[in-house]
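# Understanding the architecture of this molecule
Here is how the chains run, residue by residue.
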Amino acid sequence: MTLFTSINSVGKKLLPAIGLLACLASGGCSSMEIKPWVSPFERNNLADPIMSFSRDPVAAAYLHHVYQAREGARGAEGGSGGGCGCN
Amino acid sequence: MNISQPSAFRLLLQTLFGVILLTAFSGVSVAAVLPEDRSDIMYHGYEGGGLQVDGPSVLVRKGYKDKVSVWANYYVDMITSASIDVVSTASEYTEERKEKSLGLDYLHGKTFMGLSYTNSEESDYSAHSWRFGISQDFFGDLTTLGVSYARGADTVRRNGDLNFEEETDRQTYRVDLTQVITKNMLVSMNYEGVTDEGFLNNPYRQVRYLDPNEARGYGYELEVYPRTRTSSAQAIRAMYFLPYRAALKFEFRNYSDTWGIDAYNVELGYVHPIERYGLTLELKYRHYEQTAADFYSDLFPRSNAQNFMARDKELAAFQTQTIGGGITYEFNADWLPGFKRGSVNLFMDYIDFQYDDFRDVTRTGLAPGAEPLYGFDSVVTRFFVSFYY
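## A few points about the overall build of chain B
The secondary structure content of chain B amounts to two helices and 18 strands. Taken over 389 residues, chain B has a buried fraction of 33%. In chain B, once contacts between residues fewer than 6 apart in sequence are set aside, the share between residues at least 24 apart is 56%.

Set out below in structure tokens:
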């Protein structure tokens, strides 16, 4: 498989999500008004630091690096994916 | 790449550019927040299977006017390797890898953008990578959708061989969706596609093949990998706040690639603060399992048996079990000018690796292919101090 066809294949999978993001960001989907079912004053528990998917970026990035070095799988690790940028 | 042909890659970049323009002028106003200003100084260690890697990592993040946050990370791996791959064909070696990263995050209303650059250098490997990501909150901030793109360019060298130099190109596409389900539950779904092109194997590693001319019954020759690889990984994660102040974590990730590796992992975690003592305890269990690459074999039937050949144990079929624990102690740090609070953290993981088709060739006196299957344990340590300001 060439790089072009690889990118094409992966890129095509992402386009619907990106299109949705663009649509929502521009307000083009404003007719899709959805009332939040969890009000801001009900989000105390969600805002608690213990509910963070990745509390400590420096430690999480290191563990991802360990997994990537020892395992065949890669990608879709926890945290933002931006992290420290290490691979 | 034929530049006259509209590719998904170009469409992706055009769409990302469109998103930036649209969000920049969309006038959304409710504030999301940038990551908290903090500095972390960490000692990291990995020990197991004859391999020891440790060193420091320092991460500093500082924001300006709730709009921009910059961060920098300096990371060092000091490696001493006498792993089974090394001792079976060479002798122990030491190596050092230094990694430097810089990043800039920008917040505009509910839109978050991040740009980062990383450089990694060791005696026989140089890597440069760039990442751009954008995310947006929707539906009363119950939903966050993000996309990111990263590109990496690596140079592979071989110590002792000045004529050897190869290149690798890497591109990564990622989509993240985080959703508030109830006032006690968050779910995150992630997709990441990666494409590689170039020299993808380790230039030192060798494959084993049956050779009746050798006294031990087998010989070694350099491995040969395909020059392209495309992978996709999907994950779902959930956090649940229990009726008392503690949280449960769940993760399932599925993976497949064009080399024939299929993998998954499941992780369960529990976070429990003890407020009276300023402590937070964390426990986790993780199971990981993968199939072998199509061109992997522990013992090839003859020299040059096929066009692609690998005996890297990372490409073998295996499973791991991980048990991990951590403790965090938080303290008030306002006695330090400019600081709010700090924490001391220790996290340790114990990982057991068991291979299904990678044999322990250090066990001599056995017929080729009759050696016992290999397995080892490792301990992963993160000890760090964090300051928030």
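What follows picks up the thread again.
## Considerations on the overall build of chain A
Across its full length, chain A carries three helices and zero strands. N-terminal to C-terminal, the α/β element order of chain A is α-α-α.

## What to know about the confidence of the model for chain A
All names here are of chain A. Residue-level pLDDT values for chain A average 71, and 51% of them are 70 or greater. Below pLDDT 50 for its whole length, residues 1-8 participates in 20 contacts with residues either more than four positions away or in separate chains. Residue range residues 80-87 is modelled with pLDDT below 50. Its contacts to residues more than four positions away, or to other chains, number 33 contacts.

## Focus on the nonpolar core
By size, the foremost hydrophobic cluster in this structure holds 47 residues, and its most contacted members are Val58 and Ala59 of chain A together with Ala293, Tyr296, Ala310, Leu315 and Ala316 of chain B. Looking at this core, the elements with two or more residues in it are α3 (57-70) of chain A together with β1 (38-48), β2 (51-64), β5 (111-122), β10 (206-210), β12 (228-241), β17 (341-359) and β18 (373-388) of chain B. Among the elements that line this core, the one with the most residues is α3 of chain A, at six residues. Those residues in contact with Tyr296 of chain B that sit more than four places away from it in its chain are Ala310, Arg311, Leu315 and Ala316 of chain B. Counting six residues, the second-largest nonpolar core is a separate cluster that includes Val180, Met239, Ala247 and Val271 of chain B.

## Describing the pairing of β5 of chain B
Residues and elements named next belong to chain B. In this sheet, β5 lies alongside strand β4 (residues 93-108) in antiparallel orientation, the contact comprising eleven bridges. Counterpart to Lys100 in the pairing with β5 is Asn119. In this structure, the hairpin formed by β5 and strand β6 (residues 125-138) is closed by a connection of two residues.

## Digging into the environment of Asn254 of chain B
Residue and element names in this part refer to chain B. Structurally, the position occupied by Asn254 is in strand β13 (residues 247-257). With 15 C-beta atoms counted inside 10 Å, the residue Asn254 sits in the partly exposed group. For Asn254 and Tyr191, which are 63 residues apart along the polypeptide, the C-alpha to C-alpha distance reads 9.7 Å. Those residues in contact with Asn254, other than ones at most four positions away along the chain, are Ala233, Gln234 and Tyr264.

## Considering the environment of Trp130 of chain B
All names here are of chain B. Considering the arrangement of structural elements, one finds Trp130 in strand β6. For Trp130, a count of 14 C-beta atoms within 10 Å puts it in the partly exposed group. For the pair formed by Trp130 and Ser116, sequence separation is 14 residues and the distance between their alpha carbons is 5.7 Å. If we ignore the near neighbours within four places in the chain, the residues touching Trp130 are Tyr117, Ala150 and Arg151.

## Side note on α3 of chain A
Counted at 1.5 Å a residue, the expected span for α3 of chain A with its 14 residues is 20 Å, and the 20 Å between its end C-alpha atoms agrees. Most of α3 of chain A sits out of view: ten of its 14 residues are buried. The complete set of buried residues in α3 of chain A reads Pro57, Val58, Ala59, Ala60, Ala61, Tyr62, Leu63, His64, His65 and Arg70 of chain A. If you follow the buried residues of α3 of chain A, they end up packed against β1, β2, β17 and β18 of chain B.

Scoring rules and cut-offs
Residues numbered from 1 in each chain as written. Chains lettered and ligands numbered in written order. Predicted model: local features only at pLDDT ≥ 70, side-chain atom pairs only at ≥ 80, totals over all residues. Helix = DSSP H or I, 4+ residues; strand = E, 2+ residues; numbered from the N terminus. Buried ≥ 20, exposed ≤ 12 C-beta atoms within 10 Å, placed from the backbone. Contact = placed C-beta atoms within 7 Å. pLDDT = per-residue confidence, 0-100. Core = buried A, V, L, I, M, F, W, Y, C linked by C-beta atoms within 7 Å. Pairing = 2+ DSSP bridges. Expected span 1.5 Å × (residues − 1).

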